[in-house]
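The chain contents come next:
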Amino acid sequence: VYKRQVPMAEEALKPLRVPKLVFGAEQDVCFPGRRLLARAESLWSGHVETELLRCKHVPPFDDGFRIAWHNRLERFLVERLHLEAATEGVPSGRAI
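Because the structure is a prediction, the values reported are computed rather than measured. (Residues numbered from 1 in each chain as written. Predicted model: local features only at pLDDT ≥ 70, side-chain atom pairs only at ≥ 80, totals over all residues. Heavy atoms only, no water.)

Caption draft 1: Structural view of the overall build of the chain. Tallying secondary structure elements over the chain gives three helices and two strands in all. Counting from the amino terminus, the chain carries its helices and strands in the arrangement α-β-α-β-α. The 96 residues of the chain split such that 27% are buried. When contacts within the chain are restricted to residue pairs at least 6 apart in sequence, long-range pairs at least 24 apart make up 63% of them. (Helix = DSSP H or I, 4+ residues; strand = E, 2+ residues; numbered from the N terminus. Buried < 20%, exposed > 50% of the residue type's maximum accessible area, 1.4 Å probe, protein only. Contact = heavy atoms within 4.5 Å.)

Shown next as structure tokens:
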């Protein structure tokens, strides 16, 4: 009888109750984004924000994407961790 092995990481990660931001890539063939984000939600329901990026495993790092990623991370840090924004000199960008 096959018994599903629970990855050690799951046992170590599940108890974490700090806010988390998990990115998944829509076209990632190694770690399919939608499945990755669903797993994050099942592990940390209520303690995780998820973001599905419209890219492959390695996202583009053009200026527009970097600015959008910075803005998303900053919003998470300010709203969920109550850290001060540090946007001086960083233009607002498009959504990721």
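Now that the structure has been shown, the text picks up again.
Caption draft 2: Quick peek at the packing of aromatic side chains. Inspection of every chain in the model, using the stated rule, returns four aromatic pairs. Plain terms: the ring middles of Phe-23 and Trp-69 are 5.2 Å apart, the flat faces sit at 65° to each other, and that makes the pair edge-to-face. Of this pair, Phe-23 sits in strand β1 (residues 20-25) while Trp-69 sits in helix α3 (residues 63-80); the two residues are 46 residues apart in sequence, bridging distant segments of the chain. When the centroid spacing of 5.4 Å and the interplanar angle of 80° are considered together, the rings of Phe-65 and Trp-69 count as edge-to-face. Of the two residues, Phe-65 and Trp-69 are both situated in helix α3; the distance of four residues between them amounts to about one turn of the helix. Summarising the burial analysis for this pair, Phe-65 and Trp-69 share the class buried. Cluster of aromatic residues (ring-pair linked, three or more members): Phe-23, Phe-61, Phe-65 and Trp-69. (Phe/Tyr/Trp six-rings, centres within 6.5 Å; stacked < 30°, edge-to-face > 60°.)

Caption draft 3: Inspection of the pairing of β1 at higher detail. Burial runs high along β1: five of the six residues are buried. In this sheet, strand β2 (residues 48-53) lies alongside β1 in parallel orientation, the contact comprising six bridges. Residue pairing across strands places Ala-25 opposite Leu-53, the latter belonging to β2. The handedness of the β1 to β2 crossover, carried by helix α2 (residues 33-43), is right-handed. (Pairing = 2+ DSSP bridges. Right-handed = clockwise from strand over helix to strand, strands pointing away.)

Caption draft 4: Summary view of the pattern of salt bridges. What the rule picks out here adds up to five salt bridges. Residues Arg-34 and Glu-26 are paired through a salt bridge, measuring 3.0 Å at the closest nitrogen-oxygen approach. Residues joined by salt bridges that share partners form a network here, namely Glu-49, Glu-51, Arg-72 and Arg-80. (Salt bridge = Lys/Arg side-chain N within 4 Å of Asp/Glu carboxyl O.)

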